[in-house]
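Chains, contacts and geometry: an overview
Read off the chains here:
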Amino acid sequence: MMTHNDKLLDPQAFVVWVRRALADLRTASAPRHRPSHFLLDEDVPGSKNRVANMLAQPELIRLGYASRLEDEIRAEAKRAGVDLLPMVATGWERAAS
């Protein structure tokens, strides 16, 4: 769900899901399992800190980045054969279009 400025309505629950997903990837020895492995933009040198900053300041998470991060984490989990906890179980769901 989103508000008028595209911020997540429950960013804390999303952060919980991301942390659990990254821990699951790390446990499975997935090649990409750190916050700095996701949401990278070649043209933006500081993008390697983007996810860590999101986790540190959940109130600033934007829906577009959250959606992209979810997609990237799920793709890595699929490649690594990791079954991730559904977001519903952590109290957060993607906004329906």
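Look up: the structure comes first, before these words.
Residues numbered from 1 in each chain as written. Predicted model: local features only at pLDDT ≥ 70, side-chain atom pairs only at ≥ 80, totals over all residues. Heavy atoms only, no water.

Observations concerning the environment of Leu25
Its place among the elements puts Leu25 in helix H1 (residues 11–27). For Leu25, a relative accessible area of 0% corresponds to the buried category. Considering only alpha carbons, one finds Leu25 and Arg74, 49 residues apart in sequence, at a separation of 10.0 Å. If we ignore the near neighbours within four places in the chain, the residues touching Leu25 are Ala30, Arg32, His33, Phe38, Ile73, Glu76, Ala77 and Val82. (Helix = DSSP H or I, 4+ residues; strand = E, 2+ residues; numbered from the N terminus. Buried < 20%, exposed > 50% of the residue type's maximum accessible area, 1.4 Å probe, protein only. Contact = heavy atoms within 4.5 Å.)

With respect to the packing of H1 against helix H3 (residues 63–80)
For the pair H1 and H3, the least separation of the axes is 11 Å and the interaxial angle reads 20°. When the axis of H1 is compared with that of H3, the two are roughly parallel. Judged by the twist between their axes, the crossing of H1 over H3 is left-handed. Across the interface between the two elements, Phe14, Trp17, Val18, Ala21, Leu22 and Leu25 of H1 pack against Ala66, Leu69, Glu70, Ile73, Arg74, Glu76 and Ala77 of H3. Taken together, the residues that form the contact of H1 with H3 break down as 10 nonpolar, no polar and 3 charged. (Axes fitted to C-alpha atoms, helices over the stretch in contact; angles between N-to-C directions. Parallel < 35°, antiparallel > 145°, perpendicular 65-115°, else oblique. Left-handed = near helix turned anticlockwise from the far one by under 90°. Nonpolar A, V, L, I, M, F, W, Y, C, P; charged D, E, K, R; others polar.)

Quick word on the side chain of Glu72
With respect to the helices and strands, the residue Glu72 is situated in helix H3. Judged by its relative accessible area of 18%, Glu72 falls in the buried class. Contact partners of Glu72, with chain neighbours within four places excluded, come to Arg32, Phe38 and Leu39.

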